[in-house]
Amino acid sequence: MKKLGIIGGVVILLFIGIIVLTNMTNSDKLKDNPYGTENLQQPTIDLLDDENYQNIILPEDLEKKIASGEEVFAYMFSPVCVHCKQFTPKLMPVAKKEDIQIDQLNVYEYENAWTTYQLEATPTLIYFKDGKEVTRLVGDHSEDEVRQFFASIEK
């Protein structure tokens, strides 16, 4: 019986240690994050240092950018979306090579984006020009399909 108590105590200490280490790691990641808040869900925190998710835009900044009339490629994603995890590593290198700025809006953190932009699924890449949506690409696509999407847009 004593052995079970010792084992139970060790297990509890291990769990406490894991929680403390996770909180310390999260605190480091949350410093100077692009969301401007430390109140983020864990899947978002896990993406903060991912090179493919470094163009985060806040909803109000995206709305201003679209309203200004400039060309905007808005990428709606969720860190828990399997298709986003497959598509983003294909999209971002193609955009970089084509010198196209992609503004990334995390719909997991900003759920209002689903209705604001009439999203049916993630990932969704929307092209805006003159303050209006011109076209969109929904779902996981190959690099060639991404290049074709960019090429199809009149600039």
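Residues numbered from 1 in each chain as written. Predicted model: local features only at pLDDT ≥ 70, side-chain atom pairs only at ≥ 80, totals over all residues. Heavy atoms only, no water.

K.L.:
Help me understand the overall build of the protein in this model?
P.N.:
Summing up its helical and strand segments, the protein has 6 helices and 4 strands in all. By the burial criterion, 38% of the 155 residues in the protein qualify as buried. Partitioning the intrachain contacts of the protein with sequence separation of at least 6 by distance along the chain shows that 64% fall at a separation of at least 24. Counting only carbon and sulfur atoms, one obtains 54% of the accessible surface of the protein, whose full area is about 9600 Å². (Helix = DSSP H or I, 4+ residues; strand = E, 2+ residues; numbered from the N terminus. Buried < 20%, exposed > 50% of the residue type's maximum accessible area, 1.4 Å probe, protein only. Contact = heavy atoms within 4.5 Å. Areas by Shrake-Rupley, 256 points an atom, 1.4 Å probe, with all protein chains shown as cover.)

K.L.:
Sorry if this is basic, but what is going on with the nonpolar core here?
P.N.:
Soluble globular proteins tend to bury their nonpolar side chains together. One finds F73, Y75, F77, L91, I102, L125 and F150 to be the most contacted residues of the largest nonpolar core, which totals 27 residues. When contributions to this core are tallied by element, the ones reaching two or more residues are α2 (42-47), β1 (72-77), α4 (82-97), β3 (124-129) and α6 (143-151). Of all the elements, α4 adds the most residues to this core, at 6 residues. Beyond its immediate stretch of four places on either side in the chain, I102 contacts N55, F73, Y75, L91, M92, A95, L125 and F150. Counting 13 residues, the second-largest nonpolar core is a separate cluster that includes A74, V107, Y117 and I126. (Core = buried A, V, L, I, M, F, W, Y, C linked by side-chain atoms within 4.5 Å.)

K.L.:
Can you walk me through the pairing of β3 in this structure?
P.N.:
Consecutive side chains of a regular strand alternate in pointing toward one face of the sheet and then the other. By the criterion of burial, β3 is predominantly enclosed, with 5 of the 6 residues buried. As judged from the 6 bridges shared by β3 and strand β4 (residues 132-138), these two strands associate in the antiparallel manner. The residue bridging T124 from the neighbouring strand is V138, located in β4. Linking β3 to β4, which pair antiparallel, is a turn of 2 residues; within it D130 sits at a positive phi near 55 degrees. (Pairing = 2+ DSSP bridges.)

K.L.:
Just to check I follow, could you spell out the environment of L48 for this structure?
P.N.:
With respect to the element layout, L48 can be found in the loop between α2 and α3 (59-67). Between the C-alpha atom of L48 and that of N33, which follows or precedes it by 15 residues, the distance is 7.1 Å.

K.L.:
What am I meant to see in the packing of α4 against α6 here?
P.N.:
The packing of two helices is summarised by the inter-axis angle and the distance between the axes. Close contact between α4 and α6 brings their axes to 9 Å; oriented N to C, the two are set at 45 degrees. Classified by the angle their axes make, α4 and α6 are oblique. When the axes of α4 and α6 are compared, the crossing they make is right-handed. Across from F87, K90, L91, V94 and A95 in α4, the residues of α6 making contact are E143, V146, R147 and F150. (Axes fitted to C-alpha atoms, helices over the stretch in contact; angles between N-to-C directions. Parallel < 35°, antiparallel > 145°, perpendicular 65-115°, else oblique. Left-handed = near helix turned anticlockwise from the far one by under 90°.)

K.L.:
I'm lost on α3 in this one. Help?
P.N.:
For α3, the full list of buried residues reads P59, L62, K65 and I66. Projected down its long axis, α3 carries its buried residues within an arc of 125 degrees, all on one side. Exposed residues pointing more than 90 degrees away from the buried face of α3 are listed as K64 and A67. Where α3 is buried, its residues touch β1, β2 (102-106) and β3. Among the residues trailing α3, G69 stands out with phi positive, at a value near 95 degrees. (Arc of directions from axis to C-beta.)

K.L.:
Teacher, can you tell me more about the pairing of β1 here?
P.N.:
By the criterion of burial, β1 is predominantly enclosed, with 6 of the 6 residues buried. Side chains V72, A74 and M76 project from β1 onto one buried face, and the interleaved F73, Y75 and F77 project onto a second face that is buried too. Judged from the 5 bridges that link them, β1 and β3 form a sheet pairing that is antiparallel. Bridged to V72 within β3 is F128. As paired elements, β1 and β2 share 5 bridges and run parallel to each other. Counterpart to F77 in the pairing with β2 is N106.

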